[in-house]
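# Observations on the model geometry
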Amino acid sequence: MRCDNRRAAALISFFLIASFVQSSENQILVYKKKYIMGTVFEIAAYDQSSEHASNAIERAFQEIVRLDDLMSDYKADSALSNLNRSAHFHAEKVPSDLYRVIDQAVQFSRLSDGKFDISIAPLVNLWKAALRGEGTPSRAQQEDVRGCVGYEKIELSPPDRISFRSSCLQLDLGAIGKGYAVDRAAEVLHSLGIRDALINAGGSTIFAMGAPPDQTAWLVHLRDPSNKIDPQVMLKDGSVSTSEQTAPSLLGNDAAGHIIDPDTGMPLKTVFTVSAVSRTATVSDALSTTLLLLGPTKGKELIKSMADVSAIWISHEAQVETVTGGPQILFGRGL
Amino acid sequence: MSIRDTILVWVFVLASTSAWSNVFVHWTRSAFPPAKELGLNDLVLSWNDSFSPLVKAARRQGYRVYVEVSLHQSAAAAETVASGLEGVILTVRQSERAELEKSLPKLRAAHPKLRFLVLNPDGKQPEMRGSLVIKRNSVLEVSSPTAQPWIDTNLALVKIEQRSLQGQIPMYTFSWGGLSDSGQQQAALTATDYSLAVAEAGAFHADLILQLDERLQRALSNHDPEAWTLWNQVWSYAKFYSDTSEQRLEAAANVAVVLDDLDTSDEAMNLLARHNIPFKVLRPVDLNSGDLEGFDVVVVFAKPDRGACQRIADLATHGKTVVLVEAHGSYPWQNGHPVRLNEHAVAYAVGNGKVLELSEPVTDPEMFAQDIRRLLGKQNVLVSLWNGLTTIAVPYREHGRTLKVLELVNYAEEPLRLQVQVVGTFTSIRYETPEHKCCESLVPVKHNGFTEFVIPELRIAGRVHLEANHFNDSRASGVSPR
C-alpha cells in the first residue's frame, strides 16, 4: 500500500462554535470532502449562497488535484517524477508551482541546517521496507543510500530550472506538498469571494480563513498524545500542522518509523508530537516535521528566529514545551 | 440447536439463496411502486397498527413482505401477522444473542412456513470519513485516529455474524447519518451513497436492509423521473451482486481471530479489515474442533482453557504464529526460552512456529493490524493493493482451493487506478463493474508465486475473476507454501 511520507497527525481535533444551518448573518455552512494526495481533504465554508460556496469548494479541490498531478512521486507522469528522472542529466524546466515549492523546501533545509530535507526519500523508502517487515537495512545499505541524500545537491536556476548534482538524488515533497496545496486552495477560495472557511488536509495540516459567524476565530483543538492537556489555538488566517513519528510496534522491537533523521540516516526516536502554528500552511507543514527532528531545545531557537510562529511539543507522559511568536497556544486542562 | 434444526436451516438457506447477497428494501410509506419496476422483490415493513393493510398493498404490488420486529416482539408478531408474510426479521442486539439461541428454534418450530432471519442493526453507514463532525447548533469536531483515510466499513461485522449465525447469510442494516456533501443533514442521499451501501454488502456476501429516505420513497411512488434515474443506478448495483454464476465460493483467509465475545465494535478487527488482511472469526470451541490448517497466523483474544492452550502449542509446533492477547497465565509453551520483544510482548519459539504473548489489550489497533501483516510475512500476504488506501478487497476461493474472485469496494467513490497483487499464478484476469459488464481482460504479470495486475478504473465496485491454468501450482490455492 502507498503510505504518506509523513504520517497525518492522529487525533487532531477542532471545535468551532458554529451554527450549522444558518447563522444570524444568513451564512450557510457548506462542507465537502475529497480523497487527494493519499488523504482526505475537507473544506467547510460559510457563504450566503450554498451553491456559490459549493462551487468554490469544488474549484479549490480542482486546484489540489492539479497540484497533486504536478507534485506526486507516485504518478509516473507527474512533473516531479519527470524531474526525478531527468534532472541528473540536465537542468529540467519545471512548472512554476513545482519550482516554488522546491525553492521553499530548500530554504527550510538551509534554515534548519539540513534537518528538513526533501531529498530524504531514498532513506525513507529503505526504512519503509523495514516497516513492512522486510528486515532492518544493513549498515552498508544505509551508507549507500545516504550518499544519495542532501539538499545541497539540488541546484535551482531561476525562474524555472532545476538540476541535481547527484546521479541518485530523488525528491519527495511529502513533508511540504500538502501544505503548499492547502495555501493554493485557500487562494482559490479567496479569489471566489469566500472569506470564512476551514481547509483540513487529512488532519495533519489545517488552514483557517476568517472566522465562523459571530466568532473571532476558529478554535482548533490540537493533537494531545497524553490526553491530559487539550491544547488549543484560535486560528484566523493561519495554519497549524502536526507531526509525530510512527507508533512503535506492539509485537516487535524494531525501531522503524517514517520520519528519518538526515543526520543519522535512521528513523527518528522521539517521545514528542509537535504542532506548529504559522501564517501559511506551507510553513506550518514544513516546520512541524523540522521541529520534530530538532526537538524542543533547538526547535525553540529556530522558532525565535522566525516571525508569527508558535509551536508545542507534547509527550505521552504530558511533558510540554511551548514557544510563542505567533498565536497563543491555550490549554483546555491540565496545566 | 439440534442437528435436525441445523439441517433444516441449511436446507432452507440453500433453497432460498440464489445470490451472494440480497438487498431488502425497508419501506415506511403507504404507497408502493410495483416490485417489477423497483427491481427488488423483498420489502421490509415495521410492525405497527397499520401493518396488515400495508402487507396486503405491498403483496398486491408483487413484493415478498417481511416484518421487522425486536426479539421481544417476535412471538406476538409471528402469531398475529403470519398471513401473507414471507418472513419475520428479528432485530437482535449483542446482549440478546443468548436469548436468541433459545427462542429461534422455538419460533421456527411453531411457524414452519415463515422464514425467520436475524438482523444485526448496528451496521455503520459505509463511507470514507473526514475528520470533521458537524452537529447542529453545536460544535464541529475533527479527529483522525489513523494515518490512513478513515473508512467506516461493515466487513468486521459481517465476519463476526458469519461465525455467530452459522446457517444464515449475515444480515445487517444501518441508519444514514452525518452530513452529505451539500451540507444538508440527510437531505441529499445520492445514488452514490446508496450504491456504496449495496456494493459493500454485495462484496462481503451479506444481506442488507436498505433504509430508503422517505422523500425518495414518495418520489418513486409518484413516478418522479429524477428519483427513478437515481434508483436505476442503485438497482444496477444490486443486480451486479445477484447476477452471479459462481455460487460455491467462500471467503479466503489465512488469519484466524478467536473471540470470546462477538462484539462488532472491536476496533482491532475493523483495522484488520481496513488493512486488507483477510481473516476469519472463530470461537474458542473452534480451537479444539476446527480445521485451522489454512491459517498462517492465529490471534487469540479469548481466554484459552487447557484444551485450547494445548491446541495453540500444537499449532505453533506445526509452523503457525499464534498471538495471545492479554496473556497472563502459565502456558505449556513457556518451558521454552522467552525472547522479550518489548515491554509488553514476549515470544516463545515452539517447534516450527512461535507464540507471541501480549500482556496488554490492543492499545493501538492501527499498529496491531500492521504487526499482523508483518507477522504474516511478505510470502503469505493473500492480497496487496497500491493506491488503495480507500479500497477494501475481499478474496474468495472455491472450498479450500484456488482463489477465484476478488471483490473490490472503493469508499472514496471516485475513479481510482489500482495496482493489485494476489497470491498464486493466474493466466487470466477478467474485470467487471456495475457500469461495465463482464469482462475486461487485464494483463497478468507473474512474479515469484504472485500475480500482479492493474485495474484501470475502480469507481465504487469491481469484481476480478482469477483463473489459473490446469497446471496451477500450490500457490494458486491461496494457501501459502511451507
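Residues numbered from 1 in each chain as written. Chains lettered and ligands numbered in written order. Predicted model: local features only at pLDDT ≥ 70, side-chain atom pairs only at ≥ 80, totals over all residues.

The next thing to look at is the overall build of chain A. For chain A, the count of helices and strands is seven helices and 17 strands. The C-alpha atoms of chain A give 20 Å as radius of gyration, which agrees with the globular expectation for 335 residues (20 Å, within 12%). Summarising its shape, the C-alpha atoms of chain A cover approximately 65 × 45 × 40 Å along the three principal directions. Per-residue burial for chain A yields a buried fraction of 53% across its 335 residues. Taking all contacts inside chain A whose residues are at least 6 apart in sequence as the whole, residues at least 24 apart take part in 65%. (Helix = DSSP H or I, 4+ residues; strand = E, 2+ residues; numbered from the N terminus. Rg over C-alpha atoms; globule rule 2.2 N^0.38 Å. Buried ≥ 20, exposed ≤ 12 C-beta atoms within 10 Å, placed from the backbone. Contact = placed C-beta atoms within 7 Å.)

It is worth spelling out the overall build of chain B at this point. Broken down by element type, chain B carries 13 helices and 28 strands. Burial analysis of chain B (482 residues in total) assigns 47% to the buried set. Partitioning the contacts of chain B with sequence separation of at least 6, the portion at a separation of at least 24 is 69%.

The next point concerns helix α7 (residues 281-304) of chain A. An α-helical turn contains 3.6 residues, so a residue and the one three or four places further along point in the same direction. Over its 24 residues, α7(A) extends only 19 Å from the first C-alpha to the last, a length that falls short of the 34 Å expected when each residue adds 1.5 Å. Maximal helix bending in α7(A) amounts to about 125 degrees, located at A:Gly295; proline A:Pro296 follows within four positions. (Expected span 1.5 Å × (residues − 1). Bend = angle between axes of the 7 residues up to and from the residue.)

Another point: the sheet that holds strand β1 (residues 23-26) of chain B. All names here are of chain B. The seven strands lie next to each other as β5-β4-β3-β2-β1-β11-β10, forming an open sheet whose pairing is parallel. The open sheet has two edge strands with one neighbour each: β5 (115-119) and β10 (171-173). Each strand axis lies, on average, 30 degrees off the axis of its neighbour in the sheet, ignoring direction. Bridge analysis of β10 against strand β11 (residues 207-211) gives three bridges, and the strand direction is parallel. Each bridged residue has a counterpart across the sheet, and for Thr 173 the counterpart in β11 is Ile 209. Sheet strands in contact with helix α7 (residues 191-203) are β1 and β11, and its direction is about 165 degrees off that of β11. (Pairing = 2+ DSSP bridges. Axes fitted to C-alpha atoms, helices over the stretch in contact; angles between N-to-C directions.)

Residue and element names in this part refer to chain B. By the element assignment, Pro 126 lies in the loop between β5 and β6 (127-129). Since 24 C-beta atoms lie within 10 Å of it, Pro 126 is described here as buried. A sequence separation of 334 residues divides Pro 126 from Ile 460, and the C-alpha atoms of the two residues are 11 Å apart. Beyond its immediate stretch of four places on either side in the chain, Pro 126 contacts Asp 152, Thr 153, Asn 154, Leu 196, Ala 197, Glu 200 and Tyr 411.

As a further point, take the confidence of the model for chain A. In this model, chain A carries an average pLDDT of 88, and 90% of its residues clear a pLDDT of 70 or more. Of the regions scoring below 50 in pLDDT, residues 1-24 of chain A engages in 101 contacts with residues more than four places distant in sequence or in other chains. (pLDDT = per-residue confidence, 0-100.)

Residue and element names in this part refer to chain A. Ordered by their spatial adjacency, three strands build an open sheet running β4-β6-β5, and the pairing between neighbours is antiparallel. Single-partner strands in this sheet number two, and they are β4 (92-93) and β5 (154-157). Across two bridges, the pairing between β4 and strand β6 (residues 161-164) is antiparallel. Residue pairing in the sheet places Glu 92 in a bridge with Ile 162 of β6.

This next bit is on the domain arrangement of chain B. Residue and element names in this part refer to chain B. Domain parsing of chain B yields domain 1 (3-125 + 155-242), domain 2 (253-380) and domain 3 (382-477). Domain 2 and domain 3 are separated by 28 Å when their C-alpha centres are compared. Each side of the interface is counted separately: domain 2 has five residues, and domain 3 has six residues. Along the lines of polarity and charge, the residues of the side of domain 2 that touches domain 3 split into two nonpolar, two polar and one charged. (Domains from an automatic or database assignment. Nonpolar A, V, L, I, M, F, W, Y, C, P; charged D, E, K, R; others polar.)

Turning our eyes to something else, we now look at the confidence of the model for chain B. Residue and element names in this part refer to chain B. The pLDDT averaged across chain B works out to 86; a share of 85% of its residues lies at or above 70. Throughout residues 1-18 the model reports pLDDT below 50, and contacts reaching past four residues in sequence, or to other chains, amount to 11 contacts. Residue range residues 179-186 is modelled with pLDDT below 50. Its contacts to residues more than four positions away, or to other chains, number 17 contacts. We note a pTM of 0.88 for the whole complex and an ipTM of 0.84 for its interfaces.

With glycine set apart, most residues show a phi of negative sign, and most peptide bonds adopt trans. Looking along the chain, the bond that leaves A:Pro158 and enters A:Pro159 is cis, with omega of 5 degrees. Mapped onto the elements, A:Pro159 comes out in the loop between β5 and β6. Cis geometry marks the peptide bond from B:Cys438 to B:Cys439, where omega comes out at -5 degrees. On the secondary structure map, B:Cys439 appears in the loop between β24 (428-432) and β25 (440-442).

This part is about the nonpolar core. General note: in soluble globular proteins, nonpolar side chains tend to be found buried as a group. Within the largest apolar cluster, 243 residues are counted, with the highest numbers of intra-cluster contacts made by A:Ala45, B:Val257, B:Val258, B:Val299 and B:Val300. If one sorts the elements of this core by residue count, α7(A) sits on top with nine residues. (Core = buried A, V, L, I, M, F, W, Y, C linked by C-beta atoms within 7 Å.)

All names here are of chain A. Relative to the elements of secondary structure, Asp 172 occurs in the loop between β6 and α6 (177-191). Given 21 C-beta atoms within 10 Å, Asp 172 falls into the buried group. Sequence separation of Asp 172 and Pro 296 is 124 residues, and the distance between their C-alpha atoms is 25 Å.

As for its placement among the helices and strands, B:Leu157 is situated in helix α6 (residues 155-164). Given 26 C-beta atoms within 10 Å, B:Leu157 falls into the buried group.

Quick look at the pairing of strand β20 (residues 383-386) of chain B now. Residue and element names in this part refer to chain B. Only one face of β20 is covered, namely the face carrying Val 383 and Leu 385; the face carrying Ser 384 and Trp 386 is uncovered. Sheet topology note: the β20/strand β23 (residues 416-423) ladder contains four bridges and is antiparallel. Residue pairing across strands places Val 383 opposite Val 422, the latter belonging to β23.

This part is about the packing of helix α4 (residues 121-131) of chain A against helix α5 (residues 139-146) of chain A. In a packed pair of helices, the relevant descriptors are the angle between the two axes and the axis-to-axis distance. All names here are of chain A. Between α4 and α5, the least distance of the axes is 8 Å, while the angle of their chain directions is 155 degrees. The orientation of α4 with respect to α5, classified from their angle, is roughly antiparallel. In terms of crossing hand, the pair formed by α4 and α5 is right-handed. Here Pro 122, Leu 123 and Leu 126 of α4 lie close against α5, whose contacting residues are Gln 141, Gln 142, Val 145 and Arg 146. Residues belonging to the contact of α4 with α5 are distributed by class as follows: four nonpolar, two polar and one charged. (Parallel < 35°, antiparallel > 145°, perpendicular 65-115°, else oblique. Left-handed = near helix turned anticlockwise from the far one by under 90°.)

The next thing to look at is the packing of α7(B) against helix α9 (residues 225-242) of chain B. Residues and elements named next belong to chain B. Axis separation between α7 and α9 bottoms out at 9 Å; the angle between their running directions is 10 degrees. Relative to α9, α7 is oriented roughly parallel. Residues Ala 191, Tyr 194, Ser 195, Val 198, Ala 199 and Gly 202 of α7 pack against Leu 230, Gln 233, Val 234, Tyr 237, Ala 238, Phe 240 and Tyr 241 of α9. For the contact of α7 with α9, the class distribution of residues is 10 nonpolar, three polar and no charged.

Attention now moves to the pairing of β11(B). Pairing of β1(B) with β11(B), which is carried by four bridges, proceeds in the parallel orientation. Following the sheet pairing, B:Phe24 is matched in β11(B) by B:Ile209.

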